[in-house]
Amino acid sequence: MQAEVLSVGTELLLGQTVNTDTTIVAKALSMLGIDLLYAAVVGDNVKRLEKAVHDALERSDILITTGGLGPTGDDLTKETVAAASGKKLVLHEPSYKRLMEYFARGGLSENQVKQAMLPEGCTVLQNDNGTAPGCAFQTAAGKIALMLPGPPSEL
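About the cut-offs
Throughout, a residue's number is its position along its own chain's written sequence, starting from 1. In keeping with the predicted nature of the model, local features appear solely for residues at pLDDT of at least 70, side-chain atom pairs appear and are counted solely at 80 or more, and the whole-chain, interface and lining totals rest on all residues. Processing note: side-chain calculations cover all non-hydrogen atoms of the structure and skip hydrogens and water entirely. Strands pair, by our definition, only if DSSP identifies at least two bridges between them. Here a helix means four or more residues in a row that DSSP labels H or I, a strand means two or more in a row labelled E, and each is numbered from the N terminus. Each axis is a line fitted through C-alpha atoms, and for a helix only the stretch in contact is used; angles between axes span 0 to 180 degrees, taken between their N-to-C directions. Contact criterion: two residues are considered in contact whenever any of their non-hydrogen atoms come within 4.5 Å of each other. Each reported salt bridge corresponds to a side-chain nitrogen of Lys or Arg within 4 Å of a carboxyl oxygen of Asp or Glu. Buried, partly exposed and exposed residues are distinguished by accessible area as a fraction of the type maximum, computed with a 1.4 Å probe on protein chains only: under 20%, between the cut-offs, and over 50%, respectively.

Colleague: Just give me the short version of the sheet that holds strand β3 (residues 62-66), but keep the residues and values in it.
Modeller: Here 6 strands make up an open sheet; going across it, the order is β2-β1-β3-β8-β7-β6 and the pairing mixed. Looking at which strands have only one partner, the edges of the open sheet turn out to be β2 (35-42) and β6 (123-125). On average, adjacent strands in this sheet sit at an angle of 15° to one another, irrespective of strand direction. Looking at chain direction, strand β1 (residues 2-8) and β2 are connected through 7 bridges and run parallel. The residue of β2 that forms the bridge with Q2 is D35. Its contacts with the sheet place helix α2 (residues 21-32) against β1, β2 and β3, and it is angled at close to 165° to β1.

Here it is as structure tokens:
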């Protein structure tokens, strides 16, 4: 199997944050015997991310994204990857419940709730170190898309 990693975030392109995610994922893939063919950084821009996702799914068996799963307006990875793969986002009740518990004292905004919106039929990867779960699903073409949180402690 061959994989590609897309690290998402303008802060990575601007040098404001060091991209350690690719190193972490590359080591894990190597240990599993999966070849990492490409690794790229894409800013928080839907059109560029959409193109990078399409290119990755065309040339690799596995697409792994890191970052862009959180509550802010520029966290667009999940929406973009799902749309590029023909998947609808649906409310994942267990993730929503976790958010409600986490924000029991207040602060559960609509932006926070978007973290519980996940691609229909995906496998949800619970995030014990943050609020945004990861997820994995198979595309109609048989490719695997895996979306992971960006902060290294959550990745």
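And the narrative resumes.
Colleague: Summarise the pattern of salt bridges; cite the residues concerned and give the values.
Modeller: Under the definition given, this model contains 4 salt bridges. E4 is paired through a salt bridge with R59; the nearest N and O atoms lie 2.8 Å apart. Placement of E4 in strand β1 and of R59 in helix α3 (residues 46-59) is noted, with a sequence separation of 55 residues between them. Exposure remark for E4: the relative accessible area of 1% places this residue in the buried category. The partner of R98 in a salt bridge is D128, and the shortest N-O contact between them spans 3.9 Å. Residue R98 is located in helix α5 (residues 93-102), and its partner D128 is located in the loop between β6 and β7 (134-138); the two are separated by 30 residues in the primary sequence.

Function cannot be read off these values alone, since they describe shape.
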